[in-house]
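Coordinate analysis (summary)
Next come the chains, spelled out residue by residue.
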Amino acid sequence: MSDNPNDQDMHVRANKDLAAAVERGLAVALLNGLSAGALAMDVEGVPLNIATRVLLHPERCRATDWHH
């Protein structure tokens with residue numbers, strides 16, 4: 001791991017951006033169906049393994065996440 005504090009800030013920001021994209025995808029899935037949620041996550045660049053896990057296993061989501 002880098003000693004540069006900016007590297008850590010970028011990592012935190014990337015995680016927050018990814019988490020926000022997942023949240024939006026879960027919201028789309030809740031409102032418009034699983035396929036629409038998967039497409040929304042794909043468009044936002046959520047890795048397939050993450051999108052698949054959160055869409056197909058909602059019981060593993062945090063209590064603060066959107067649930068379908």
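Residues numbered from 1 in each chain as written. Predicted model: local features only at pLDDT ≥ 70, side-chain atom pairs only at ≥ 80, totals over all residues. Heavy atoms only, no water.

Another aspect to go through is the pattern of salt bridges. Any two side chains of opposite charge can pair, so long as their charged atoms come close to each other. Tallied over the entire structure, the rule returns one salt bridge. Taking the shortest distance from any N to any O, the salt bridge between Glu 44 and Arg 24 comes out at 2.5 Å. Here Glu 44, found in the loop between helix H2 (34-43) and helix H3 (48-56), pairs with Arg 24, found in helix H1 (residues 5-32); they are 20 residues apart in sequence, far enough to count as distant. On the accessibility criterion, Arg 24 (41% relative accessible area) is partly exposed. (Salt bridge = Lys/Arg side-chain N within 4 Å of Asp/Glu carboxyl O. Helix = DSSP H or I, 4+ residues; strand = E, 2+ residues; numbered from the N terminus. Buried < 20%, exposed > 50% of the residue type's maximum accessible area, 1.4 Å probe, protein only.)

This brings us to H3. Restricting attention to buried positions, one finds in H3 the residues Ile 50, Ala 51, Val 54 and Leu 55. Buried residues of H3 fall within an arc of 115° about the axis and therefore sit on the same side. Facing away from the buried side of H3 by more than 90 degrees, the exposed set consists of Leu 48 and Asn 49. (Arc of directions from axis to C-beta.)

This part is about the nonpolar core. Counting residues in each nonpolar core, the largest one holds ten residues, listed as Ala 21, Val 22, Leu 26, Ala 29, Met 41, Val 46, Ile 50, Ala 51, Val 54 and Leu 55. Of all the secondary-structure elements, those providing two or more residues to this core are H1 and H3. (Core = buried A, V, L, I, M, F, W, Y, C linked by side-chain atoms within 4.5 Å.)

For H2, the complete set of buried residues consists of Gly 37, Ala 40 and Met 41. Seen from one end, H2 has its buried residues packed into an arc of 95°, which puts them on one side. Residues of H2 that are exposed and angled more than 90 degrees away from the buried face: Ser 35, Leu 39, Asp 42 and Val 43.

In this section: the packing of H2 against H3. Here H2 crosses H3 at 150°, and the two axes come no closer than 10 Å. Judged on the interaxial angle alone, H3 and H2 are roughly antiparallel. The handedness of the crossing between H2 and H3 is right-handed. Contact residues: Leu 34, Gly 37, Ala 38 and Met 41 in H2; Ala 51, Val 54, Leu 55 and Leu 56 in H3. Here the residues of the contact of H2 with H3 are counted per class, giving seven nonpolar, one polar and no charged. (Axes fitted to C-alpha atoms, helices over the stretch in contact; angles between N-to-C directions. Parallel < 35°, antiparallel > 145°, perpendicular 65-115°, else oblique. Left-handed = near helix turned anticlockwise from the far one by under 90°. Contact = heavy atoms within 4.5 Å. Nonpolar A, V, L, I, M, F, W, Y, C, P; charged D, E, K, R; others polar.)

Averaged over all residues, the pLDDT of the protein chain is 83; the fraction at 70 or higher stands at 72%. At the low end of the mean pLDDT range in the protein chain sits H1, at 84; at the high end sits H2, at 97. (pLDDT = per-residue confidence, 0-100.)

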